[in-house]
Amino acid sequence: MSLLISNIGSLVTNDPALGTGPLGLLADAAVVVDGATVAWVGPSAAAPAADEALDAAGRALLPGFVDSHSHLVFAGDRTAEFNARMSGRAYGAGGIRTTVAATRAASDAELNANLTRYLAEMLRQGTTTAEVKSGYGLSTEDEARSLRIAAGHTEETTYLGAHVVAPEYADDPAGYVDLVTGAMLDACAPYARWVDVFCERGAFDGDQARAVLTAGAARGLLPRVHANQLGHGPGVRLAVELGAASADHCTHLTDADVAALAGSDTVATLLPGAEFSTRAPYPDARRLLDAGARVALSTDCNPGSSFTSSMPFCVAVAVREMGMTPDEAVHAATAGGALALRRTDVGRIAPGARADLHLLDAPSHVHLAYRPGVPLTAVVWQGGVRRA
Ligand SMILES: [Zn+2]
């Protein structure tokens, strides 16, 4: 079956060959979807016929959001911790262990139900591709089942055994790194595309992070790094050196870090939900963009430091607080996320791309920042199937 979406007031293609500017914007546009892929893009007046038709009535159509960083295999929540933090307590990585205990105690069915619920929440807000990490199991068995459950929902699965040192290894962090790079990796690699590490004071240092990423790469997993979130450190330059697809957070950067990102293929993935939810200073997107770095936006959805599944929220915060223009923020949340996952089939609307489409109840993508907190999603198609 083919579908013609006509009378699109403003179409974001993210293909400069199809329209104006980096967003490849087209006014009075139409899109034809054939099965799971985009078959045709052009002026509404020139659109070919299709089996079905939908009149967009002047509304905006953009690619589905690509959320390249989330931690959605978990149980329990951390309401009390958030409440305490908002009453003046500082955030430390130790809170992760609360979720580890709840996750280990949960059944597969409970973890799967939670993941299903949060992915559906994302979809209702326009997210059609979501990366999902492990990292709340921290044992061989619990990390492997976390990834097995995630792999049932997305091809973008990330092994994050190196989230924090497991409580059983509190006095033997080197022993834990041996586990993460050994038996745990062996059990997890079949279910993961990526390997990640929380390279931060209180989690894993530069040498440990390098060991985790190179061991993962030796098993065919592609590296990405939690880098420079809470302070300066070696994470960003390690990510660039190892050719990681993405360095995530990038909140505390030296000039050398910025230059390294700008001179590389490593995407700087900014996660403003984390700073929002921990009352921390935001990353400086303007500095990265002006230097020529490639930037993505993502939710970091997790029960501790960023319990939002909303890409529209991240776009609005990035524009208001991080120096991004609305065009840059929407690009980062779609094409940027695709780049951070090394995907060329999503994050754009062009012939041959996957038909992941997001119709807004608004005439322009700018409304995502202009109307913060307003549910603007009208229709979402994932692989050509109407899902929300
Ligand atoms: Zn994260």
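Bear in mind that the values here come from a model prediction, so they are computed numbers and not experimental data.

Caption draft 1: The overall build of the protein, seen in detail. A count of helices and strands for the protein gives 14 helices and 18 strands. Dimensions of the protein, computed from C-alpha atoms along their principal axes, come out at roughly 70 × 45 × 45 Å. Counting only residues that meet the buried cut, the protein has 56% of its 388 residues in that class.

Caption draft 2: How the structure looks around the UniProt feature "binding site: Zn(2+)" (unreviewed entry) in the protein. Following the UniProt record, one finds the feature "binding site: Zn(2+)" (unreviewed entry) at His69, His71, His226 and Asp300. These residues run over 232 residues, yet every pair of their C-alpha atoms falls within 12.2 Å of each other. The residue His71 is located in the loop between β6 (65–67) and α1 (79–85) in this model. Each residue touching His71, except ones within four places of it in the same chain, is listed here: Lys133, Gly135, Cys301 and Asn302. With respect to the helices and strands, His226 occurs in strand β12 (residues 225–227).

Caption draft 3: Looking closely at helix α5 (residues 173–180). For α5, the set of buried residues is Tyr176, Val177, Leu179 and Val180. Looking straight down α5, one finds its buried side chains confined to an arc of 155°; they lie on one side. Elements that come into contact with the buried residues of α5 comprise β9 (157–162), α6 (183–188) and α7 (206–218).

Caption draft 4: Looking closely at the packing of helix α12 (residues 311–321) against helix α13 (residues 326–340). Close contact between α12 and α13 brings their axes to 9 Å; oriented N to C, the two are set at 145°. Handedness of the crossing formed by α12 with α13: right-handed. Two secondary-structure elements touch here, α12 through Met311, Cys314, Val315, Ala318 and Val319 and α13 through Pro326, Ala329, Val330 and Ala333. Its residues assigned to classes, the contact of α12 with α13 shows nine nonpolar, no polar and no charged.

Caption draft 5: Broad picture of the domain arrangement of the protein. Here the protein is partitioned into domain 1 (2–64 + 348–386) and domain 2 (65–341). Here the C-alpha centre of domain 2 lies 29 Å away from the C-alpha centre of domain 1. With 20 residues of domain 1 at the interface, the matching set in domain 2 holds 19 residues. Where the side of domain 1 that touches domain 2 is concerned, the elements lending two or more residues are β5 (60–63), α14 (367–370) and β17 (377–382). Of the residues forming the side of domain 1 that touches domain 2, the biggest block, three residues, is contributed by β17. Class assignment for the residues of the side of domain 1 that touches domain 2 results in 11 nonpolar, seven polar and two charged.

Caption draft 6: Spatial organisation of α7. The end-to-end C-alpha distance of α7, which contains 13 residues, comes to 18 Å, matching closely the 18 Å that a straight helix rising 1.5 Å per residue would cover. For α7, every residue scored as buried is listed here: Gln208, Ala209, Val212, Leu213 and Gly216. For α7, the angular spread of the buried residues around the axis is 125°, confining them to a single face. Of the exposed residues in α7, the ones pointing more than 90 degrees away from its buried face are Asp207 and Ala218. Gly220 sits one or two positions beyond α7 and adopts a positive phi of about 90°.

Caption draft 7: Focus on unusual backbone geometry. Phi is positive for Asp28, which is not a glycine, with a value near 45°. With respect to the helices and strands, the residue Asp28 is situated in strand β2 (residues 26–34).

Caption draft 8: Layout of the pairing of strand β16 (residues 357–360). Alternating residues of β16 divide into Leu357 and Leu359 and His358 and Leu360, and every residue in both groups is buried. Of the strand pairs in this sheet, β5 and β16 are connected by three bridges, and their pairing is antiparallel. Within the sheet, the bridge partner assigned to Leu61 lies in β16 and is Leu359. Bridge analysis of β16 against β17 gives four bridges, and the strand direction is antiparallel. Pairing of His358 across the sheet is with Val380, part of β17.

Caption draft 9: Main features of the UniProt feature "binding site: N-formimidoyl-L-glutamate" (unreviewed entry) in the protein. Those places that UniProt annotates as "binding site: N-formimidoyl-L-glutamate" (unreviewed entry) correspond, in this numbering, to Tyr136, Asn302 and Gly304. In terms of the greatest pairwise C-alpha distance, the residues named above, spread along 169 residues, form a tight cluster of at most 11.2 Å across. Judged by the 31 C-beta atoms lying within 10 Å of it, Tyr136 is buried. Look past the residues within four positions of Tyr136 in its chain and what remains in contact with it is Val73, Phe74, Thr99, Val100, Thr103 and Ser146. Along the chain, Gly304 falls in the loop between β15 (295–297) and α12. According to the C-beta neighbour criterion, Gly304 is buried, with 25 such atoms within 10 Å. Every residue in contact with Gly304, bar those within four places of it in the chain, is listed here: Arg78, Glu81, Gly95, Ile96 and Thr99.

Caption draft 10: Looking closely at the nonpolar core. Core analysis: the biggest nonpolar cluster contains 127 residues, and Val31, Leu61, Val315, Ala318 and Ala329 have the highest contact counts within it. Ignoring anything within four residues of it in the chain, the contact list for Val31 reads Ile5, Ile8, Leu11, Val38, Val41, Leu61 and Ile349.

Caption draft 11: Highlighting the environment of Asp356. With respect to the helices and strands, the residue Asp356 is situated in the loop between α13 and β16. For the pair Asp356 and Val385, spaced 29 residues apart in sequence, the C-alpha to C-alpha distance is 8.5 Å.

Caption draft 12: Region of interest: the packing of helix α3 (residues 108–124) against helix α4 (residues 140–151). Where α3 contacts α4, the axes come no closer than 10 Å and their chain directions differ by 45°. Viewed along their axes, α3 and α4 adopt a mutual orientation that is oblique. Viewed along their axes, α3 and α4 form a crossing whose handedness is right-handed. Together, Asp108, Leu111, Asn112 and Leu115 of α3 and Arg145, Ser146, Ile149 and Ala150 of α4 make up the contact between the two elements. In terms of residue class, the contact of α3 with α4 is made up of four nonpolar, two polar and two charged.

Rules behind the numbers
Residues numbered from 1 in each chain as written. Predicted model: local features only at pLDDT ≥ 70, side-chain atom pairs only at ≥ 80, totals over all residues. Helix = DSSP H or I, 4+ residues; strand = E, 2+ residues; numbered from the N terminus. Buried ≥ 20, exposed ≤ 12 C-beta atoms within 10 Å, placed from the backbone. UniProt positions renumbered as here; feature names shortened; annotations may be inferred. Contact = placed C-beta atoms within 7 Å. Arc of directions from axis to C-beta. Axes fitted to C-alpha atoms, helices over the stretch in contact; angles between N-to-C directions. Left-handed = near helix turned anticlockwise from the far one by under 90°. Nonpolar A, V, L, I, M, F, W, Y, C, P; charged D, E, K, R; others polar. Domains from an automatic or database assignment. Expected span 1.5 Å × (residues − 1). Pairing = 2+ DSSP bridges. Core = buried A, V, L, I, M, F, W, Y, C linked by C-beta atoms within 7 Å. Parallel < 35°, antiparallel > 145°, perpendicular 65-115°, else oblique.

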